[in-house]
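Structure at a glance
Here are the chains, one letter per residue:
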Amino acid sequence: MTISIGNDHAGTEYKQAIVAHLETKGYTVNNYGTNANDSVDYPDYVHPVATDVADKKVDFGILICGSANGVAMTANKHQKIRAGICWTKEITELTRQHNNANICCIPARFTALQQAIQIVDTFLTTEFEGGRHQNRVDKIPVSC
């Protein structure tokens, strides 16, 4: 499985730990995030991840910032993207099961590092339930 990951300055430590965790599990990871703690503009790191996911160059995306709101808002501007903010295992499961999210957005300032790794594992292993949820997911995109 191939994952694209991006982060701003608030998510550097988490991104590094998540990349290492994923690589030990055999995942291929495209790193678009900053590797420093200096302030950066998160959209610069979100757009490449969202583009990879939308173009099906990767299986899923992971985005990390302080609250996860900015990265989720930015990613969701892309057609074919369903980026969900995931701060607990249960929310993460529902984001995949009911919404078929393809990008996991983690709030680094509101989750512990081990919790963030559990969120990633849950996101990548939870299946979309389809059924009644498929009709709802089909109604998400807006045609311009």
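In case you missed it, the structure is sitting above this.
Attention here is on the structure that accompanies the text. (Residues numbered from 1 in each chain as written. Predicted model: local features only at pLDDT ≥ 70, side-chain atom pairs only at ≥ 80, totals over all residues. Heavy atoms only, no water.)

1. Observations concerning the overall build of the protein
- Looking only at helices and strands, the protein features six helices and five strands.
- Its helices and strands taken in sequence order, the protein reads β-α-β-α-β-α-β-α-β-α-α from the N to the C terminus.
- The globule rule puts the C-alpha radius of gyration for 144 residues at 15 Å, and the 14 Å found for the protein is close to it.
- The principal-axis extents of the C-alpha atoms in the protein amount to approximately 40 × 30 × 25 Å.
- Every one of the 144 residues in the protein was classed for burial, and the buried ones make up 49%.
- Excluding contacts between residues fewer than 6 apart, the proportion of contacts in the protein whose partners are at least 24 apart in sequence is 69%.
- For the protein, the centre of its 13 positive side-chain charges and the centre of its 15 negative side-chain charges are spaced 8 Å apart. (Helix = DSSP H or I, 4+ residues; strand = E, 2+ residues; numbered from the N terminus. Rg over C-alpha atoms; globule rule 2.2 N^0.38 Å. Buried < 20%, exposed > 50% of the residue type's maximum accessible area, 1.4 Å probe, protein only. Contact = heavy atoms within 4.5 Å. Lys, Arg positive; Asp, Glu negative; His and termini not counted. Charge placed at Lys NZ, Arg CZ, Asp CG, Glu CD.)

2. Comments concerning the pattern of salt bridges
- For the coordinates displayed, the defined rule picks out two salt bridges.
- In this structure, lysine 25 engages aspartate 121 in a salt bridge whose closest nitrogen and oxygen atoms are separated by 3.8 Å. Taken as a pair, lysine 25 in the loop between α1 (12-24) and β2 (28-31) and aspartate 121 in helix α5 (residues 113-125) lie far apart in primary sequence, 96 residues in all.
- In this structure aspartate 121 comes out as partly exposed when scored by relative accessible area, which is 22%.
- For the salt bridge of lysine 89 with glutamate 93, the shortest nitrogen-to-oxygen distance reads 3.8 Å. Of the two residues, lysine 89 and glutamate 93 both sit in helix α4 (residues 89-99), four residues apart, roughly one turn of that helix.
- Judged by its relative accessible area of 34%, lysine 89 falls in the partly exposed class. (Salt bridge = Lys/Arg side-chain N within 4 Å of Asp/Glu carboxyl O.)

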